[in-house]
Each structure stands twice: as structure tokens, then as C-alpha cells.
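Close look at the chain arrangement
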Amino acid sequence: MEFTFSPEYEMCRESFRRFAEKEAAPIAVEIDEEERFPAGTVEKLARAGMLGITVPKQYGGQGADNLVYIMCVEELSRVCATTGVIVSAHASLCVAPILENGTEAQKQKYLPRLASGEWLGAFGLTEPGAGTDASGQKTRAVLDGDHYVLNGNKIFITNAGYADVYIIMAMTDPGKGTRGISAFIVEKTFPGFSVGTKEKKMGIRGSSTRELIMEDCIVPKENLLGVEGKGFGIAMKTLDGGRIGIAAQALGIAQGALDKTVAYTKERRQFGKPISAFQNTQFQLADMETRTEAARLLVYKAASFKDAKKPYSKEAAMAKLFASETASEVASLAVQLHGGYGYMREYEVERMMRDAKITEIYEGTSEVQRMVISSALLK
Amino acid sequence: MNIVVCIKQVPDTTEVRLDPVTGTLIRDGVPSIMNPDDKAGLEAALRLREKYGGHVTALSMGPPQAATMMREALAMGADRAILLGDRAFAGSDTLATSSAIAAAIRKLDYDIVITGRQAIDGDTAQVGPQIAEHLSIPNISYAQEITPSEDRASVTVKRVFDDRYQMQRVKLPCLLTALSELAEPRYLSPGRVFDAWREMKVENWTSADLDINPAVLGLKGSPTRVKKSFPKAVKPAGAVIRLEGREAAEAVLRKLKENFIL
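What you are looking at is a predicted structure, and each value in this text was computed from that prediction instead of being measured.

**Some points on the overall build of chain A**
A count of helices and strands for chain A gives 10 helices and 10 strands. Along the three orthogonal principal directions, the C-alpha set of chain A runs to about 80 × 45 × 40 Å. If you sum the accessible surface of chain A, you get close to 15,800 Å²; carbon and sulfur atoms cover 54% of it.

**Some details on the overall build of chain B**
For chain B, the helix and strand inventory stands at 6 helices and 13 strands. Overall, the C-alpha framework of chain B stretches about 65 × 55 × 40 Å when taken along its three principal axes. Residues classed as buried in chain B amount to 45% of the 262 residues present. Within chain B, contacts between residues at least 6 apart in sequence are counted, and of these 71% link residues at least 24 apart. Working note: accessible area of chain B is about 14,700 Å², and carbon and sulfur atoms make up 51% of it. Between the centroid of the 34 positive side chains of chain B and the centroid of its 33 negative side chains there is a distance of 3 Å.

**Focus: helix H1 (residues 36–52) of chain B**
In an α-helix there are 3.6 residues to a turn, and that puts residues three or four apart on one side. All names here are of chain B. For H1, spanning 17 residues, the distance from its first C-alpha to its last is 24 Å, which sits close to the expected 24 Å at 1.5 Å a residue. Across the 17 residues of H1, 12 count as buried, placing the element largely inside the fold. Those residues of H1 not exposed but buried are Asp37, Asp38, Lys39, Ala40, Gly41, Leu42, Glu43, Ala44, Ala45, Leu46, Leu48 and Arg49.

**Describing the interface of chain A and chain B**
At the interface, 18 residues of chain A touch 18 residues of chain B. Ranking the residues of chain A by area buried against chain B places A:Glu8, A:Met11 and A:Arg18 at the top, with a combined share of 40%. Between the two partners, chain A and chain B, sit 4 salt bridges. Notably, a salt bridge pairs A:Lys22 with B:Glu184, separated by 2.6 Å at the nearest N-O pair. Remark: the boundary between chain A and chain B carries 9 residue pairs in polar contact (both at pLDDT 80 or more). For the side of chain A that touches chain B, the element with the highest residue contribution is helix H1 (residues 7–34) of chain A, accounting for 11 residues. Among the residues forming the side of chain A that touches chain B, the class breakdown is 10 nonpolar, 3 polar and 5 charged.

**Brief notes about the sheet that holds strand S6 (residues 56–61) of chain B**
All names here are of chain B. Pairing is mixed across the open sheet formed by 9 strands, whose spatial order is S11-S10-S9-S12-S8-S1-S6-S7-S13. Looking along the sheet, the strands with just one partner apiece sit at the ends: strand S11 (165–171) and strand S13 (202–205). Strand after strand, the sheet turns through a mean of 35 degrees between neighbouring axes, direction not considered. Summarising the sheet, strand S1 (residues 3–6) and strand S8 (residues 112–116) pair through 4 bridges and their orientation is parallel. What sits directly across from Ile3, in S8, is Ile112. Together, S1, S6, S8, strand S9 (139–148) and strand S12 (174–178) form the strand contacts of H1, whose direction differs from that of S1 by roughly 165 degrees. In this fold helix H3 (residues 94–106) packs onto S1, S6, strand S7 (80–84), S8 and S13, with an angle of close to 150 degrees to the strand it touches most, S6.

**Some points on the nonpolar core**
Within the largest apolar cluster, 112 residues are counted, with the highest numbers of intra-cluster contacts made by A:Val299, B:Ile3, B:Leu42 and B:Ile112. Non-local contacts of A:Val299, meaning those with residues more than four positions away in its chain, are made with A:Ile70, A:Ile244, A:Ala247, A:Ala248, A:Leu251, A:Ala319 and A:Ala323. By size, the runner-up hydrophobic cluster in this structure holds 44 residues, among which are A:Tyr110, A:Tyr166, A:Ile167 and A:Phe190.

**Concerning the confidence of the model for chain B**
Confidence in the prediction for chain B averages 90 pLDDT; 94% of positions are at 70 or higher. Listed scores for the predicted complex are pTM 0.90 and ipTM 0.92.

**Observations concerning the side chain of A:Asp240**
Residues and elements named next belong to chain A. Looking at where Asp240 falls in the secondary structure, it is placed in helix H6 (residues 231–267). Relative accessible area serves as the criterion here: at 12%, Asp240 is assigned to the buried category. At a separation of 3.4 Å, a polar atom in the side chain of Asp240 contacts the side chain of Arg243.

**Observations regarding the packing of helix H7 (residues 279–307) of chain A against helix H8 (residues 313–338) of chain A**
The angle between the axes and the distance between the axes are what describe a pair of packed helices. Residue and element names in this part refer to chain A. Orientation of H7 relative to H8, taken along the N-to-C sense of each, is 155 degrees, at an axis distance of 9 Å. Classed by the angle they form, the pair H7 and H8 counts as roughly antiparallel. The crossing of H7 and H8 is left-handed. Broken down by class, the residue content of the contact of H7 with H8 amounts to 17 nonpolar, 4 polar and 5 charged.

**Some details on unusual backbone geometry**
A cis amide bond, omega 0 degrees, links B:Leu172 with the succeeding residue B:Pro173. Looking at where B:Pro173 falls in the secondary structure, it is placed in the loop between S11 and S12. Even without glycine at this site, A:Lys309 takes up a positive phi of about 60 degrees. One can find A:Lys309 in the loop between H7 and H8.

**Here we look at the pairing of strand S5 (residues 181–187) of chain A**
Residues and elements named next belong to chain A. Of all the 7 residues making up S5, 7 are buried; the element is thus mostly covered by neighbouring parts of the structure. Residues Ile181, Ala183, Ile185 and Glu187 point to one face of S5 and Ser182, Phe184 and Val186 to the other, with burial holding for every one of them. Inspection of the sheet shows strand S4 (residues 165–171) paired to S5 by 7 bridges, in the antiparallel sense. Across the sheet, Ile167 pairs through a bridge with Ile185, a residue of S5. Relative to strand S8 (residues 224–225), S5 runs antiparallel, the two sharing 2 bridges. In the strand pairing of S8, Phe184 is matched with Leu224.

**As for the environment of B:Ile112**
Residues and elements named next belong to chain B. Among the structural elements, Ile112 can be located in strand S8. Each C-alpha atom, one on Ile112 and one on Ala45, is 8.9 Å from the other, the two residues being 67 residues apart in sequence. Leave out the neighbours within four places in its chain, and Ile112 touches Met1, Asn2, Ile3, Val4, Val155, Leu172, Cys174 and Leu176.

Procedures and definitions
- Residues numbered from 1 in each chain as written.
- Chains lettered and ligands numbered in written order.
- Predicted model: local features only at pLDDT ≥ 70, side-chain atom pairs only at ≥ 80, totals over all residues.
- Heavy atoms only, no water.
- Helix = DSSP H or I, 4+ residues; strand = E, 2+ residues; numbered from the N terminus.
- Areas by Shrake-Rupley, 256 points an atom, 1.4 Å probe, with all protein chains shown as cover.
- Buried < 20%, exposed > 50% of the residue type's maximum accessible area, 1.4 Å probe, protein only.
- Contact = heavy atoms within 4.5 Å.
- Lys, Arg positive; Asp, Glu negative; His and termini not counted.
- Charge placed at Lys NZ, Arg CZ, Asp CG, Glu CD.
- Expected span 1.5 Å × (residues − 1).
- Buried area = accessible area lost by both parts, 1.4 Å probe.
- Salt bridge = Lys/Arg side-chain N within 4 Å of Asp/Glu carboxyl O.
- Polar contact = N/O pair within 3.5 Å; in protein donor to acceptor, adjacent residues only side chain to side chain.
- Nonpolar A, V, L, I, M, F, W, Y, C, P; charged D, E, K, R; others polar.
- Pairing = 2+ DSSP bridges.
- Axes fitted to C-alpha atoms, helices over the stretch in contact; angles between N-to-C directions.
- Core = buried A, V, L, I, M, F, W, Y, C linked by side-chain atoms within 4.5 Å.
- pLDDT = per-residue confidence, 0-100.
- Parallel < 35°, antiparallel > 145°, perpendicular 65-115°, else oblique.
- Left-handed = near helix turned anticlockwise from the far one by under 90°.

So this is what it looks like as C-alpha cells:
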């Protein structure tokens, strides 16, 4: 077992880091402050091929693997978690389910546009009454000739309003519980589809989080993803993959907070010396680094299992659980080591602390991850 | 329009520290990068190709580890990467280097040769113009813009100095030395990176591949003797403040007062 990447991976990482430093970092404070979606950055991500990393070349993508994609989310999130989640929601939650479950015609139609960034993707599962208990779906889809009619609301949808394509879960047979759920590819221009008001959030404030409203929304029959009644499985598998993306986002936040803290503690002087000369600082930094590195190994392992087509549900859950809790802990310690300055917006670690919290909640709370991990142990 | 771009692998001098005792550069652990002026030249060449067609060849002379930089050139979009790698080239000064590079370029089909203005490790700015001399082609240094004529028989070049610029038109073939402002290098797309490492190859040429007298190569072909080397004084990056009229004047005044100039 070798814990190093071959040079092509390192070259990709360097390029992602350069992009992050030059394009995402300079506006990270501003988009948080103004709660502004970084549409210009998304265009640049598209031009750099970063929205189609895992899409095969035959569909206009980069043809690279999940490890490369994960590095991309990690490096973006290291400077701006908002930018990281835009990519993760697009790639893990919209591109991946089409790639894994789509018909050839669906792949031909959607993947080239999603890979080039002409279209941005999103995913809609959560409803007001169906969060962790995703089986309680109220959105209905009724087949009517050559199309389905969808009615219902989805909430807390990342990229909503800016995305062109949404993977939507809806009940086609309410009597069958989770086996009555189906997945659909819904375009924003379909009649009856609209987005609701923007949520005001604690963190990742530049990312767009909105409600989706479907009122007699007409979805062509050929936009059913997979087969009828198999939507819940598609959603769960999609979230397994998405968790690696969020774990990478959390890892990036932890690394970003740590890097800022190392630099700060070398500069900041108290009692006549830099605060990095105090053992308390040194021990805190050592713990932050160790946790972050442990999270990194779990995240890369989960991604490499996915690439190797091994079962990775438990690995993804462990990666997300540990990386997200690490992000919160490391960011909180970063604020503490920055002292009063850390509490101020200018120093960015307070934003990282706010951004970190959501990684413990979305795409399955930490409690859900513990359920997934323990059920794999106890089955 | 076929373009040969000469590139050099250099230590990232922004990461080089000076040994406080000996005053020499500490190169240990310093990453190697493509020289920034050269990279801008390569980017400009790729943009010209994208607009006018043709092919771009990246050419370098260096040790085997320079192959990583050649892969980067391929990942940026170069069609071909040729590394002159041979013990016979070791110890070359700028003259021996330009002799070898020019000999390699003679074997290639080119309309334009682009080199960086200078390398950040040596700062000589000699190799580009020397190559032009060897090839007996015109040379315009400090290029910040390159615009081909409609018939593609010439290019107009914005040649930039600290306090002025010149617009020069030159017949092809020619050699241009690029400023890093010529073109901001693109981000590498992952697909191209993987192709560069897994599908494409870096060609290694030795002295035997060149039609050249071995006496002009390497240490033997290098008349330069180094008497002393010293680091260049680092100029701070400076700050750009965009204001207008009165506000701008006030900002300048404030800065001058802050620095006790006024």
C-alpha cells in the first residue's frame, strides 16, 4: 500500500489549487457577506473542465476518476466551501445518477451539457416532512399518456434557481412505500416547474438554497430515470456517492482552517514571542493536523473504493461522519487560536466554522451516517 | 501557423530562501516549475493555434526530471514535447544552450519561435536572442501582444518597456521573447493532464539527433566563466488601488505621508 499519488494526480491537484487561490479565494468573503451565488466562478470552473471530471470523454467529459473529482472539491473548499458544494451537488447528485442509471438517450442528451457546464445540475429529495426519513415523500407523479404530471414541493435544494437540470424523487405508487418512489430528470423549463424563495443560512451563504415547486409539472415519459419504483434505491446510492463529495468539502474546510491558523500563529506575537512558540498552540495544531490527515485517508479510501467498483456505502458514511466532525472541530479550534481576531469576519476562520456545520447535516446527518455504519456491522 | 516554444524548468524562486550564513540559495525542497515567461509564451502560442490553426511544439533542454514540465506543456495543449537530454549538454552556458536549441529547431517546421524573456533562475535574457542569431531570423523581445497579419506572412508585436511601448511588424519566420503578461496560462483540465501522462509521449533527443559540431555543446562549448553570483534585490509586489480624481489624489497623499515621504 502506497500513500502517494502518481504525478498526474499531483498535477491535477496543483491546477485545482491554483484555480482555487486565484478564482475562488479572492471573493470568498464577499459572496458570504452578500449571500451571492458566484456565477462567474461557475463559468470559469466549466471552462477549466471542473464540472465534468467524472464524465467519460465520449460524453464530452474529462474521463477522470472519483479521486480526481474529490481532490477538486477538497481544494476548492479549502478556500471557499460555497464553491466546493456547488461542484459537489452538480457532479455527485445530478451527473452521477444520470451516468449510473440513465438510458443511452438520456446520457447523450444531458451529460455533454452538464460536463461542459452549459447546464448546472441539482437534486431534489428532501421535503418539509421527509428529511432523514426520506421515505415519507409527498411529491406525486402520475402517468398521463406520454408524460408524467408531478405535484409537490422540495426544500433546501442546493444550486436551485441556478441549476438547469434537477433529479427529482416522486411517488408513482403511494401504496408501496419506498418501492413506490421513482426518479425523474426535470428541466427548469418544464411547464409547472418553479423555484421558491432563497433560504438565509448560517454558512455556505454564497450557495443557492431554495424550494422547488411543482404544480402540474409536465415531465416527458422518457425522463423517468431508471425504472418506475426504483427511485429510492437511486436516491440512496446517489447519496452514498454524494457523501464522499461532502466529506471532501469538509476535509477542505479543515485543511483551510488549519493552514490559516499555522500562518497566523507564526505571525501573532504575545508575551514577546509568536504564539506558535507556546506548547498549548503546538499541541492544538498537532491535534488539528492529525485529525485532518485521518479524515483525508478515509475520504480518499471511500473515493478509491467507488473507483474500484467495490461496495463503498459504509466507507462513504465513515468518511463523511469523521471529516465533517473534524471540520467543525478544527474550524472551532482555529477560531480559538486566532483569539479575538478569529471572531472577526476579516480573518475567515469564523466563516469556515459556520461553513463546517452544514457538513454534519446535509446529505445525511452524522446520526444517519452512524446508522449506515452500524447497520453494515450488524447485518 | 506552426510555433516552437522554448521552455525551461526552474526552481520556484518565490519559495527559495537564502542561507543567512553563506548567502547562497537554499534549493532543498524547492519545487521546480515552468519558467513563468516561458509559460506565458506557451499559452500565447496555444491561443494563436486555436485561432489560426497549425501546431505547437514545446522544446526544452534539461535533466530527466524536466520531463515533468514537458508533461505539463502537453497538458496545457502542446501537440508535441521534445526534451534535449544528454550528458553532452551538461554544463552549458547560454551560448552552448542556444546552439543546441537552435540545432533542434532547424529540424522542426516553424513560423514563429517563442521563448520567455528570461528565466527566473539566471535572469540573463540571452538565450532567446542568441537562438534567433543562430537561425538568422529576426527577433523581437518583450512581446506583450502578438497579432498575425491577414496573409499570415508577418506579425505585429507590442514590445513593452518600463515607460513606453513600440508596435513592431516583423516578417515570418521570427523569434519573439515573451513577457509573463503576454498571456495568463490556462488551468489544466484533468482530462488533458491524464492524456499527457498516459497517452502522449515526451520525445528525448540526444546530441546525436542534432546536426551539430559536439565542440559547441556543453561545458566545452561554453566560454562563460562565473566570477560571482548574487541574488537580485526583491522588489515588493506593490498595491493596486483603483480610485478616481480627488479620491485617488487623496489616497496617494495618504500613502506618501504614511511612508514619511511628505
